[in-house]
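Architecture and fold: a report
Here is what each chain is made of, one letter per residue.
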Amino acid sequence: MQDIQNIVILTGAGISAESGIATFRGPGGLWEGHRVEEVCTPEALAHDPDLVHRFYDLRRAALANVVPNAAHDALARLDREWSGELLIVTQNVDDLHERAGATRMLHMHGELNSALCAACDTRVAWRESLPPGSACATCGAEALRPDIVFFGEMPYRMEVIERALSRADLFVSIGTSGAVYPAAGFVQTARYHGAQTLELNLEPSAGSVYFSEVRLGAAGVLVPEWVEALLTQA
Ligand code: OAD
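Residues numbered from 1 in each chain as written. Predicted model: local features only at pLDDT ≥ 70, side-chain atom pairs only at ≥ 80, totals over all residues. Heavy atoms only, no water.

What follows deals with the environment of proline 182. Its place among the elements puts proline 182 in the loop between β7 (170–174) and α8 (186–192). Given a relative accessible area of 26%, proline 182 falls into the partly exposed group. Residues contacting proline 182, with those up to four places away along its chain left out, are Met108, Pro155 and Met158. (Helix = DSSP H or I, 4+ residues; strand = E, 2+ residues; numbered from the N terminus. Buried < 20%, exposed > 50% of the residue type's maximum accessible area, 1.4 Å probe, protein only. Contact = heavy atoms within 4.5 Å.)

Spelled out as structure tokens, the structure:
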């Protein structure tokens, strides 16, 4: 790992698994008892807003019962101590990276603790349950929805992510199955721009072959080891 200045890290559900948050593509293919199309599409929101809102209310409430694990802590340490550029891009909608102390990060698939006005696009921090028809404080429309990127919608901050990937010397993917684009394609973008690429995951992801190095194991073990080695060598 020589000549590394700029790092981009992509995280997925696997990094929060050891905190007790279920991953998406576990055995059975159901997410908390639902097919993902039932709760994670614009059509589902239009067709059954009560179900979709209740589902995310439960996920939001569940955040109170979980804490960051050693992998989140290690990335927060890297954020504090790394003098080069760093961007942590998470696909997760939990808040465990920020609760661990990471700041150089963004949520490309949205956040449980945020509501989005479908009428005027205003975002507002939201910690409670969010009944369908809740009014936007900015425009007054009764159109607040969970601030989650549903299937078929454009992930957030793509220009920032693309720019960071184009400058990256090292791209690291942690705890993601590589099943959902555009995140699954970041490894190829980073490689195209000359970055080293490292996967840290429990099992090989769908895109494992694109990584220059793959380490298999639990994020709570692999991530602290990797961060320690990187900071010691730097
Ligand atoms: P997945 O559930 O598809 O994949 C989780 C990955 O984490 C799998 O490859 C597991 O092997 C791995 N894993 C599980 N436990 C782990 C551990 N302790 N340490 C390391 N790795 C572990 O979740 P994502 O790839 O994050 O989108 O899913 C991507 C997107 O699909 C999500 O952001 C979500 C979903 O639809 C939206 O909500 C928009």
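The structure having been displayed, the exposition proceeds.
As annotated by UniProt and renumbered to match this structure, "binding site: Zn(2+)" (unreviewed entry) occupies Cys117, Cys120, Cys136 and Cys139. On the basis of their most widely separated C-alpha atoms, the annotated residues across 23 residues gather in one place, lying no more than 8.6 Å apart. Here cysteine 120 lies in the loop between β4 (110–117) and β5 (123–125). Exposure remark for cysteine 120: the relative accessible area of 30% places this residue in the partly exposed category. Beyond its immediate sequence surroundings of up to four residues, cysteine 120 is in contact with Cys136, Thr138 and Cys139. (UniProt positions renumbered as here; feature names shortened; annotations may be inferred.)

For the rest of this paragraph, the subject is the domain arrangement of the chain. Looking at the assigned domains, one finds that the chain contains domain 1 (7–21 + 68–109 + 155–233) and domain 2 (22–65 + 110–148). On a C-alpha basis, the centres of domain 1 and domain 2 stand 25 Å from each other. Contacts between the two partners involve 18 residues from domain 1, matched on the other side by 14 residues from domain 2. Contact between domain 1 and domain 2 buries roughly 1200 Å² in total, counting both sides, with carbon and sulfur atoms accounting for 53%. (Domains from an automatic or database assignment. Buried area = accessible area lost by both parts, 1.4 Å probe.)

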